[in-house]
Amino acid sequence: QVQLVESGGGLVQAGGSLRLSCAGSGSIGSIDTMGWYRQAPGKQRELVARIFSGGGTNYADSVKGRFTISRDVAKKSVYLQMNSLKPEDTAVYYCSVRRAYFGDDYWGQGTQVTVSS
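Let us look at the structure shown here.

Calculation notes
- Residues numbered from 1 in each chain as written.
- Predicted model: local features only at pLDDT ≥ 70, side-chain atom pairs only at ≥ 80, totals over all residues.
- Heavy atoms only, no water.
- Disulfide = S-S within 2.5 Å.
- Helix = DSSP H or I, 4+ residues; strand = E, 2+ residues; numbered from the N terminus.
- Buried < 20%, exposed > 50% of the residue type's maximum accessible area, 1.4 Å probe, protein only.
- Pairing = 2+ DSSP bridges.
- Axes fitted to C-alpha atoms, helices over the stretch in contact; angles between N-to-C directions.
- Phe/Tyr/Trp six-rings, centres within 6.5 Å; stacked < 30°, edge-to-face > 60°.
- Lys NZ or Arg CZ within 6 Å of the ring centre and 35° of its normal.

What follows deals with the state of the cysteines. Counted according to the given criterion, the structure contains 1 disulfide. Residue Cys22 pairs covalently with Cys95 via a disulfide, S to S 2.1 Å. In this structure the cystine formed by Cys22 and Cys95 twists about its S-S bond by roughly -75°; its chirality is therefore left-handed. With Cys22 in strand S3 (residues 18-25) and Cys95 in strand S9 (residues 91-99), this residue pair connects regions lying 73 residues apart in the sequence. For Cys22, a relative accessible area of 1% puts it in the buried group. Cys95 sits in the buried class, given a relative accessible area of 0%.

Structure follows, in structure tokens:
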């Protein structure tokens, strides 16, 4: 089956940068969509960024111009470069994959990102 393992979270001051990584295993292919979501305390999980099979991307308005998503298809991995971090970016960040052929979704366990002011 599919497994996703995130890394790279931590504590950073406002204005700083972090790079999240998500290592996938199992049946993940180039046609699948991979993405990052986040959930802050007391809030619903929300989309941060997604990258599609053709390399297209979309971002939440709140992170446009600051975050960049990328993937390595051969490594079944997805990355999130986060710059100019703000305290409101504080959340648990989850990696996800939506498999086009099977029509199912998988999630990682999450990694905490805390931005201090």
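Picture the strands of a sheet paired through backbone hydrogen bonds; they go either parallel or antiparallel. Read across the sheet, 4 strands follow the order S1-S3-S8-S7 without closing on themselves; strand pairing throughout is antiparallel. A strand with exactly one partner marks an edge of an open sheet, and here the two such strands are strand S1 (3-7) and strand S7 (67-72). On average, each strand axis in the sheet is inclined to that of its neighbour by 15°, with strand direction left out of account. Across 5 bridges, S1 lies against S3 in antiparallel orientation. Following the sheet pairing, Val5 is matched in S3 by Ala23.

We now examine the packing of aromatic side chains. Throughout the structure, instances matching the rule amount to 2 aromatic pairs. Considering the side-chain rings of Tyr37 and Trp107, the 4.9 Å spacing of their centres and the 65° angle between planes classify their relative orientation as edge-to-face. Placement of Tyr37 in strand S4 (residues 33-39) and of Trp107 in strand S10 (residues 104-107) is noted, with a sequence separation of 70 residues between them. Take Tyr37: its relative accessible area is 19%, and that puts it in the buried class. Here the aromatic rings of Tyr101 and Phe102 are separated by 5.1 Å at their centres, their planes lie at 85°, and the arrangement is edge-to-face. Positioned above the aromatic ring of Tyr94, the side-chain terminus of Arg45 is 3.8 Å from the ring centre. Seen from the ring of Trp107, Arg45 lies directly overhead, with NZ or CZ sitting 4.7 Å from the centre.

Burial analysis of S4 places 6 of its 7 residues in the buried class, the great majority of the element. The pairing of S4 with S9 spans 7 bridges and is classified as antiparallel. The residue of S9 that forms the bridge with Met34 is Val97. The pairing of S4 with strand S5 (residues 46-51) spans 5 bridges and is classified as antiparallel. Across the sheet, the residue bridging to Tyr37 is Leu47, located in S5. Connecting the antiparallel pair S4 and S5 is a turn made up of 6 residues, with Gly42 showing a positive phi of about 75°.

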